[in-house]
Amino acid sequence: MRDSRYIDEDDVRVRARGGSRPRTRKRPKHENAQLGFVTGVDRGRYRCLVGDRSVVAMKARELGRGSIVVGDVVALVGDLSGRPGTLARVVRVEERTSVLRRTADDTDPVERVIVANADQLVIVVALADPAPQPRFVDRCLVAAYDAGLEPLLCLTKSDLAPPDPLVEIYAPLGLRWVVTRKDGDLSELRSRLTGRISVFVGPSGVGKSTLVNLLVPEAQRAVGRVNAVTGRGRHTSTSAVALPFGAPPDAESLERLRAAREGALDRSELDHGWIIDTPGVRSFGLAHVAPDDLVVAFPDLAEAIDECAHHCSHLDGGCALDDWLAAGRLRADRVASFRRLLLSREGDAER
Ligand SMILES: Nc1nc2c(ncn2[C@@H]2O[C@H](COP(=O)(O)OP(=O)(O)OP(=O)(O)O)[C@@H](O)[C@H]2O)c(=O)[nH]1
Ligand SMILES: [Zn+2]
């Protein structure tokens, strides 16, 4: 990614037809554009990693309404020195490999993309204080599969309660999980994060910030850098921020993550990654997800649902889930969670 040049599609050298008169060669629109990785967004200002520099940019007017989010790879022109007070311009957003989005819900009236190009969604839930909410987990799982992210369940505060009840539900589904506590060993979690760009989501109070600060001790400083632009503090900010761990944040380390994602590099050869903290995201409105795609998060119910009539709503009579439940072949809490999600989807859509 380092120093890569952005070449417009119209940068085609057209040979003058027949005649000797040279046609004006079309120049790339932004000859000197360089690629950057968006690490923070706040009030129309984008903090981007360009090479090993942190550059603040605004959106070029020609870019229109499309959103730019944390994780995006963007083409930048203008002052790329990163010196205080300088402002570059984003002239293009590169194609995204994954898009984590949310539909409007009661915490946010607008459908929006939250994060681009992440590999993994780390669903943080406490084992106690606050009590675990499988409904939140299921909602996040649907969002993860919809976005093309691998889910990882992170069960925190293991000093307060054992992980068994949650592990019993989710391990049989093939979900990967780790157990953590703030005074414990985080090496397993760290290894799950290595070689990836991971988005952390969790309800308030589960210990997500504690975890992020343990994983990226300089996070406070890094966050402080972002906020130096806007004068906003971490605790009032609701926008996502990308934090590097294990290697200096530069284009080369990002390039190695990209290679790992594409299978060109073994993740075990890496010792770094990025964490994207989403302080403002407490849940996902899922109205944009088709009911059939909800089932992906409920593989334990899939076989029963296969027996349903084609247009079964899974909510009314005649649903095969009820037959399987009556026969004791399904967990009642799983069926209930699936149905609550189906119902809440409709609620999301109405808002
Ligand atoms: N017992 C126990 N408490 C923890 C643990 N991790 C965090 N806490 C406490 O839980 C409370 C919430 O922690 P935070 O890290 O602020 O939680 P959060 O998920 O970031 O929540 P918000 O700040 O609301 O976003 C704090 O009082 C922490 O000290 C843990 O492993 N065990
Ligand atoms: Zn059904």
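Residues numbered from 1 in each chain as written. Chains lettered and ligands numbered in written order. Predicted model: local features only at pLDDT ≥ 70, side-chain atom pairs only at ≥ 80, totals over all residues.

**A closer look at the overall build of the protein**
Across its full length, the protein carries 10 helices and 13 strands. The buried share of the protein, taken over its 351 residues, is 39%. Taking contacts inside the protein between residues at least 6 apart in sequence as the whole, the part at least 24 apart equals 69%. (Helix = DSSP H or I, 4+ residues; strand = E, 2+ residues; numbered from the N terminus. Buried ≥ 20, exposed ≤ 12 C-beta atoms within 10 Å, placed from the backbone. Contact = placed C-beta atoms within 7 Å.)

**As for the site of ligand 1**
The environment of ligand 1 is formed by 14 residues, the closest being S204, G207, K208, S209 and T210. Here the shell around ligand 1 takes three residues from helix α4 (residues 208-215), the largest share from any one element. The residue inventory of the shell around ligand 1, partitioned by class, reads two nonpolar, seven polar and five charged. (Near = placed C-beta within 6 Å. Nonpolar A, V, L, I, M, F, W, Y, C, P; charged D, E, K, R; others polar.)

**Here's the deal with the nonpolar core**
In this structure, C48, L76, V115, I123, C140, V199 and I276 are the most contacted members of the largest nonpolar core, which totals 90 residues. The greatest single-element share of this core, amounting to eight residues, is contributed by helix α1 (residues 134-147). A domain-level breakdown of this core finds at least three residues from each of domain 1 (99-277) and domain 2 (291-350). With residues near it in sequence (within four places) discarded, V199 still touches L100, V115, A118, L121, V122, L149, I276 and T278. (Core = buried A, V, L, I, M, F, W, Y, C linked by C-beta atoms within 7 Å. Domains from an automatic or database assignment.)

**Topic: helix α6 (residues 251-261)**
Regarding α6, the residues found buried are S253, L254, L257 and A260. All buried residues of α6 fall inside an arc of 115 degrees around its axis, so they share one side. Taken together, the buried residues of α6 touch β1 (34-42), β11 (197-201) and β13 (273-277). Note on α6: the residue one or two positions beyond its end, G263, has a positive phi of about 85 degrees. (Arc of directions from axis to C-beta.)

**Here we look at the domain arrangement of the protein**
Split by domain assignment, the protein resolves into domain 1 (99-277) and domain 2 (291-350). At the junction of the two partners, domain 1 supplies 13 residues and domain 2 supplies 11 residues. By residue class, the composition of the side of domain 1 that touches domain 2 is six nonpolar, two polar and five charged.

**Quick word on the environment of D146**
For D146, the position within the fold is in helix α1. Look at D146 and you get buried, because 21 C-beta atoms sit within 10 Å. Between the alpha carbons of D146 and A290 there is a distance of 9.4 Å; along the sequence they are 144 residues apart. Non-local contacts of D146, meaning those with residues more than four positions away in its chain, are made with V289 and D293.

**With respect to unusual backbone geometry**
Here the bond from D129 into P130 is cis, since omega is 0 degrees, no more than 30 degrees from zero. Tracing the sequence through the fold places P130 in the loop between β8 (120-126) and α1. Even without a glycine there, the phi angle at D129 is positive, about 55 degrees. The topology assignment puts D129 in the loop between β8 and α1. D129 sits in the exposed class, given 12 other C-beta atoms within 10 Å. Located in the positive-phi region is H314, a residue other than glycine, with phi close to 65 degrees. Checked against the element boundaries, H314 lands in the loop between α8 (299-306) and α9 (320-326).

**Quick look at the pairing of strand β5 (residues 88-93)**
With five of six residues buried, β5 lies mostly within the body of the structure. When strand β3 (residues 53-59) meets β5, the two strands line up parallel, connected through three bridges. What sits directly across from A57, in β5, is A88. (Pairing = 2+ DSSP bridges.)

**Describing the environment of K208**
Following the sequence through the fold, K208 ends up in helix α4. Residues K208 and T278, spaced 70 residues apart in sequence, show a C-alpha to C-alpha distance of 9.7 Å. Apart from residues no more than four positions distant in its own chain, K208 is found in contact with V124, F200 and G202.

**Side note on the pairing of β1**
With eight of nine residues buried, β1 lies mostly within the body of the structure. Where β1 lies against strand β4 (residues 73-78), four bridges are found, and the strand directions are antiparallel. Following the sheet pairing, Q34 is matched in β4 by L76. The pairing of β1 with strand β2 (residues 45-50) spans five bridges and is classified as antiparallel. Its bridge partner being in β2, V38 is matched across the sheet by C48. Between β1 and β2, which pair antiparallel and follow one another directly, the connecting turn spans two residues, one of which, R43, has a positive phi of 45 degrees.

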